[in-house]
Amino acid sequence: MTDTADNAALSPQSGKPPLRIALAGLGTVGAGVIRLVEANADLIARRAGRPIKVSAVSARDRGKDRGVDLSPYAWEDDMTAMAARDDVDVVVELVGGSDGPALVLARNAIRHGKALVTANKAMIAHHGMALAKEAEAQGVAMRFEAAVAGGIPVIKGLREGAAANRVERLYGILNGTCNYILSTMEDTGRDFAEVLSEAQAKGYAEADPTFDIEGIDAAHKLSILSAIAFGAKIDFGSVDTQGISRILAADIAQADSLGYCIRLIGTAEADAGPDGTPGLFQRVAPHLVPFDNLLAHVDGPTNAVVVEGNFSGRLLFQGAGAGDGPTASAVVADLIDIARGMDTGFEADMAFSIPVDGLEDMAPAPAGHRLGRAYIRFLVADRPGVLAEITAAMRDAGVSIESLIQKGQASKDGAVIVAIVTHEVPEAAVAKALTLLEGSPSLVGQPLVMQILGA
Ligand code: NAP
Ligand code: HSE
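Residues numbered from 1 in each chain as written. Chains lettered and ligands numbered in written order. Predicted model: local features only at pLDDT ≥ 70, side-chain atom pairs only at ≥ 80, totals over all residues. Heavy atoms only, no water.

Peer 1: Please set out the UniProt feature "binding site: NADP(+)" (unreviewed entry) in the protein chain residue by residue, giving values where relevant.
Peer 2: The residues that UniProt annotates with the feature "binding site: NADP(+)" (unreviewed entry) are Ala24, Gly25, Leu26, Gly27, Thr28, Val29, Gly30 and Ala31. Locating Leu26 in the fold gives a position in the loop between β1 (19-24) and α2 (28-39). In contact with Leu26, other than residues within four places in its own chain, are Ala31, Ile34, Val57, Ser58, Ala59, Arg66, Leu70 and Trp75. By the secondary structure assignment, Gly30 is in helix α2. Among residues more than four places away in sequence, those in contact with Gly30 are Leu23, Gly25 and Leu94. (UniProt positions renumbered as here; feature names shortened; annotations may be inferred. Helix = DSSP H or I, 4+ residues; strand = E, 2+ residues; numbered from the N terminus. Contact = heavy atoms within 4.5 Å.)

Peer 1: A description of the site of ligand 1 should follow, citing residues and the corresponding values.
Peer 2: The full set close to ligand 1 counts 24 residues, and Asp61, Arg66, Lys121, Glu206 and Gly323 are the nearest of them. Within the backbone of Gly27, an N or O atom sits 3.0 Å from an oxygen atom of ligand 1. Surface burial for ligand 1 is 84%, taken as the share of its 890 Å² of free accessible area covered by protein chains. Here the shell around ligand 1 is composed, by residue class, of ten nonpolar, eight polar and six charged. (Near = heavy atom within 4 Å. Polar contact = N/O pair within 3.5 Å; in protein donor to acceptor, adjacent residues only side chain to side chain. Areas by Shrake-Rupley, 256 points an atom, 1.4 Å probe, with all protein chains shown as cover. Nonpolar A, V, L, I, M, F, W, Y, C, P; charged D, E, K, R; others polar.)

Peer 1: Give me unusual backbone geometry: which residues, what numbers.
Peer 2: Not every positive phi belongs to a glycine, and Ala149 is a case in point at roughly 60 degrees. Here Ala149 falls in the buried class, since its relative accessible area comes to 0%. Even without a glycine there, the phi angle at Ser353 is positive, about 80 degrees. Tracing the chain through its elements places Ser353 in the loop between α12 (324-341) and β13 (371-372). With a relative accessible area of 26%, Ser353 lands in the partly exposed category. (Buried < 20%, exposed > 50% of the residue type's maximum accessible area, 1.4 Å probe, protein only.)

Peer 1: Tell me about the packing of aromatic side chains, residues and numbers included.
Peer 2: In the structure shown here, the tally under the stated rule is two aromatic pairs. Aromatic pair Tyr180 and Tyr204: ring centres 5.6 Å apart, planes at 65 degrees, arrangement edge-to-face. One end of the pair, Tyr180, is in helix α7 (residues 176-188); the other, Tyr204, is in the loop between α8 (192-201) and α9 (210-213), and 24 residues separate them in sequence. An identical accessibility class is assigned to Tyr180 and Tyr204; each is buried. Of note, Arg370 hangs over the ring of Phe281, and the distance from its end group to the ring centre comes to 3.7 Å. (Phe/Tyr/Trp six-rings, centres within 6.5 Å; stacked < 30°, edge-to-face > 60°. Lys NZ or Arg CZ within 6 Å of the ring centre and 35° of its normal.)

Peer 1: Just give me the short version of the site of ligand 2, but keep the residues and values in it.
Peer 2: Close contacts around ligand 2 come from Lys121, Asn175, Gly176, Thr177, Tyr204, Ala205, Glu206, Asp212, Asp217, Lys221, Gly321 and Ala322, and that covers them all. At 2.6 Å, a backbone N or O of Tyr204 approaches a nitrogen atom of ligand 2. Its free accessible area being 250 Å², ligand 2 has 94% of it covered by the protein chains. For the shell around ligand 2, the elements supplying multiple residues, two or more each, are α7 and α10 (216-230).

Structure below.
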């Protein structure tokens, strides 16, 4: 398995050969991994029981300055060829995209008997089950700690630390870009587009930032966590997904005056549904978070995940959710795990904690019966009778109003904001009220509904 040069590099502690990796993708995360394995090489070797050695690297543009010296490593123009190299034990995929070259590389790696480490939540959310099954068949490890919540070891926490628990609910902030945008807008009153550009410049956003701001990236991550937490097959298609692009500065101000901040929250919960059918509820949506909730204090690109286990109680995982250093830390943690377990074969069927064939097909749980308080924001024509029309629809749908605010001057197009906070009601009642108002000439555009995060 090792060549002469590698034998010369046998770990002085363990006498084991290095773990040899091929790195595909040298952007924010890939360059971060190079920096980390170089900076902490001795420490990593001691902890892994063997050195971690980069054999080959690949990206699109060989000439690009990445702030790291790539001359010690072999360069592959065709990254998919890295899977076939004899001097590689683990392929590290840091390219991105659910399909395309990343998926080809991942499949090739496993077929060639290489372990796979990836930060690619889109690929795992769409193809994780098939890839894990193939990895099990090949007896190779597949790891993706960096795919969820950047540097936070939440997958490891669920798969190992909380493994004895039945998870009842899991929720939290899973997208650093959205959290950066919302908390910065809140703190500075700055404009959405300007703050998004800043998040992109800092390396937090996806190649296509729509994935961040429309909640898709958080939904990818939630579906992966759900699989591990609930022992279910990944069901990304069933995540009810709403992003933050419709949130106005006025919503942030209204929320603030009511004692809330706005955060994009992912929630997964085993839910029996109205007729008792067991199912899994999964949602990513902006929520109003009370100032006294711990998630209200999670700012910038930080992520936080709360896991409620039936014996552990509430566990909180918090840390940097995006960026080169934290994400590289999670990638290299996976490599250390593989380096430690390579001789035992133990790693191969651990990707989702349970082998793929043992994961359940959990039916998606509906939302209509779920009880909660909601914030509903209307843009309305500033004329008599509009409030009466809205409150009548609420009455007819059985929605009890806790507070109603109409503030400020009409904008250029004559619209004003009306914000309602409801008492606890089934979500279906709020939906019915909005259906009753559909097509009303009093409304300007679609109302925005955000649930208020409960305890
Ligand atoms: P990035 O900065 O855009 O880097 C992507 C890298 O992949 C670049 O080096 C690019 O090459 C290379 N690449 C793209 N398409 C390619 C192709 N067709 N063939 C060969 N190479 C190709 O992305 P990133 O932020 O590092 O993210 C990488 C992965 O980590 C993604 O799956 C992302 O979702 C995930 N992730 C990112 C973060 C974060 O904070 N950024 C956190 C967690 C997970 P060139 O440089 O030559 O263009
Ligand atoms: N774009 C992602 C985010 C990167 O902002 O959270 C980390 O997965």
